[in-house]
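Tertiary structure, described
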Amino acid sequence: METGLNAYIKQQFGLDQDVDIRTLSPLTLAYIGDGIYELVVRSVMVARTNTRAGLLHRQTSQLVKAEAQSKMMDILLPQLSPEEESVYRRGRNAKSSTMAKNASINDYRRATGFEALMGYLYLTDQTERLVELVKLAVDTYKPGEGKYAEAHNRHGNKKSQAKTHEQTEESETGVTSADSQENS
């Protein structure tokens, strides 16, 4: 019978002591969950395309940031067992002394719950369930939809706003920015 990665690591390092997962801090679960979730996403990105590491990093970053994980919980919550939902809530409600640089408090807490759930599934060797939930979340989540897109558009960079403004003017006047520069 094949064992999960965590069980294999414990076996190879002689870590036979069984820790009662329910006694671990939700932030400890989130700590390991953050790493295992990113490993799964990186594995998917590498398998999907053979491209530059920088591009892989940018694609991965879109899925592992707190905002994305928070939105993914909207997708996953209806699919969770009562035990999984309890782990998520413990992680979400945990008091952390740190805060993500680019996330709202709500997104950060929901992402912590998401990561705690990933950590719990990993440490209990529920690899199939972990991958099933990650696949559902990644396949269903669409960056740039809903309130997340609205906030991004409101606070987007000036280049994209300027480009959109130019495109609007072109469609209204039929004159491109290149045409107007030639005429001046």
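For the structure itself, look to the data block above.
Now for a quick tour of the structure. (Residues numbered from 1 in each chain as written. Predicted model: local features only at pLDDT ≥ 70, side-chain atom pairs only at ≥ 80, totals over all residues. Heavy atoms only, no water.)

As a further point, take the overall build of the protein chain. Summing up its helical and strand segments, the protein chain has ten helices and zero strands in all. Each helix and strand of the protein chain, ordered N terminal to C terminal, gives the series α-α-α-α-α-α-α-α-α-α. Per-residue burial for the protein chain yields a buried fraction of 30% across its 184 residues. Considering only contacts within the protein chain whose residues lie at least 6 apart along the sequence, 68% involve residues at least 24 apart. Per element, the accessible surface of the protein chain, about 12200 Å² overall, is 52% carbon and sulfur. (Helix = DSSP H or I, 4+ residues; strand = E, 2+ residues; numbered from the N terminus. Buried < 20%, exposed > 50% of the residue type's maximum accessible area, 1.4 Å probe, protein only. Contact = heavy atoms within 4.5 Å. Areas by Shrake-Rupley, 256 points an atom, 1.4 Å probe, with all protein chains shown as cover.)

With 32 residues, the main nonpolar core has Tyr37, Leu63, Met72, Met118 and Leu130 as its most contacted residues. When residues of this core are traced back to their parent elements, those giving at least two are helix 2 (26–48), helix 3 (53–64), helix 4 (66–76), helix 5 (82–93), helix 6 (105–123) and helix 7 (127–140). (Core = buried A, V, L, I, M, F, W, Y, C linked by side-chain atoms within 4.5 Å.)

With that settled, consider the packing of helix 4 against helix 6. Direction vectors running N to C along helix 4 and helix 6 enclose 65 degrees, while the axes themselves pass 8 Å from each other. It follows from the interaxial angle that helix 4 and helix 6 lie roughly perpendicular. Note on packing geometry: the crossing formed by helix 4 with helix 6 is left-handed. In this structure, helix 4 uses Ala66, Glu67, Gln69, Ser70, Met72, Met73, Asp74 and Leu76 to contact helix 6, whose residues at the interface are Asp107, Tyr108, Arg110, Ala111, Phe114 and Glu115. Taken together, the residues that form the contact of helix 4 with helix 6 break down as seven nonpolar, two polar and five charged. (Axes fitted to C-alpha atoms, helices over the stretch in contact; angles between N-to-C directions. Parallel < 35°, antiparallel > 145°, perpendicular 65-115°, else oblique. Left-handed = near helix turned anticlockwise from the far one by under 90°. Nonpolar A, V, L, I, M, F, W, Y, C, P; charged D, E, K, R; others polar.)

Under the definition given, this model contains ten salt bridges. Note that Asp74 is salt-bridged to Lys71, the shortest N-O span being 3.9 Å. Here the residue Asp74 and the residue Lys71 both occupy positions in helix 4, the gap between them amounting to three residues, near one helical turn. Its relative accessible area of 41% is what places Asp74 among the partly exposed residues. Among the ionic contacts, a cluster of salt bridges with common partners joins Arg48, Lys135 and Asp139. (Salt bridge = Lys/Arg side-chain N within 4 Å of Asp/Glu carboxyl O.)

The next subject is the packing of aromatic side chains. Under the counting rule described, the total for this entry stands at one aromatic pair. Residues Tyr37 and Phe114 carry aromatic rings whose centres are separated by 4.8 Å and whose planes lie at 85 degrees to one another, so their mutual orientation is edge-to-face. Separated by 77 residues along the polypeptide, Tyr37 in helix 2 and Phe114 in helix 6 bring together distant segments of the chain. You can call Phe114 buried: its relative accessible area is 0%. (Phe/Tyr/Trp six-rings, centres within 6.5 Å; stacked < 30°, edge-to-face > 60°.)

The next subject is the environment of Glu38. With respect to the helices, strands and loops of the structure, Glu38 is situated in helix 2. What makes Glu38 partly exposed here is its relative accessible area of 21%. A C-alpha to C-alpha distance of 8.6 Å links Glu38 and Leu63, two positions 25 residues apart in sequence.

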